[in-house]
Amino acid sequence: RVVAPRRTIFAGQDHWRKHPMLAGCWKEPFPGLGYATAIFGGYLACDWIYGMAFAPPAPPPAEHHFEREEIGEPVENKGGGH
């Protein structure tokens, strides 16, 4: 007597793994991310170069005035504001 191979219940349990939408996902899960990163990096570099070349000069630091001096009270510590 010849015994035919029996078909198991779970024979097709992994068919979803071979679906075309899922099969190539591990190669490039975010299509276009490499191009977008390169373009954004180029934008940042151009913005930095443009900012360094055409930036207006920084204004000089403002003179620090204490409020008490303006109303006539003497200030003991003109240093770091302790």
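Heads up: the structure comes first, above all this text.
Being a predicted model, the structure only gives us computed values, none of them experimental.

Definitions and cut-offs
- Residues numbered from 1 in each chain as written.
- Predicted model: local features only at pLDDT ≥ 70, side-chain atom pairs only at ≥ 80, totals over all residues.
- Heavy atoms only, no water.
- Helix = DSSP H or I, 4+ residues; strand = E, 2+ residues; numbered from the N terminus.
- Buried < 20%, exposed > 50% of the residue type's maximum accessible area, 1.4 Å probe, protein only.
- Areas by Shrake-Rupley, 256 points an atom, 1.4 Å probe, with all protein chains shown as cover.
- Phe/Tyr/Trp six-rings, centres within 6.5 Å; stacked < 30°, edge-to-face > 60°.
- Patch = residues over 30% accessible without salt bridge, like charges linked within 9 Å, V, L, I, M, F, W, Y side chains within 5 Å.
- Salt bridge = Lys/Arg side-chain N within 4 Å of Asp/Glu carboxyl O.
- Expected span 1.5 Å × (residues − 1).

Visitor: I'd love a proper account of the overall build of the chain, names of residues and values included.
Guide: The helix and strand tally for the chain stands at 3 helices and 0 strands. Mapped in sequence order, the helices and strands of the chain form the string α-α-α. Looking at the chain as a whole, 0% of its 82 residues are labelled buried. When the accessible area of the chain is evaluated, it comes to approximately 8,700 Å², of which 64% is carbon and sulfur surface.

Visitor: Requested: an account of the packing of aromatic side chains, with residues and values cited.
Guide: Applying the stated rule across the entire model yields 2 aromatic pairs. Ring centres of Tyr50 and Phe54 lie 4.9 Å apart, and the angle between their planes is 45 degrees; on these two criteria the pair is classed as tilted. Linking Tyr50 with Phe54, this pair stays in helix 2 (residues 33-54), spanning 4 residues, or about one helical turn. Relative accessible area serves as the criterion here: at 60%, Phe54 is assigned to the exposed category.

Visitor: How would you sum up a nonpolar patch on the surface? Please name residues and give values.
Guide: The grouping of Trp16, Met21 and Leu22 at the surface amounts to a nonpolar patch, some 400 Å² of accessible area in total. Taking the relative accessible area as the measure of exposure, Met21 reaches 70% and is therefore exposed.

Visitor: Which residues make up helix 2, and what values do they have?
Guide: Taking 1.5 Å as the rise per residue, helix 2 with 22 residues should run 32 Å; its terminal C-alpha atoms sit 31 Å apart, in good agreement. Counting buried residues along helix 2, only 0 of its 22 residues qualify, which leaves the element largely exposed.

Keep in mind these values describe shape, not function.
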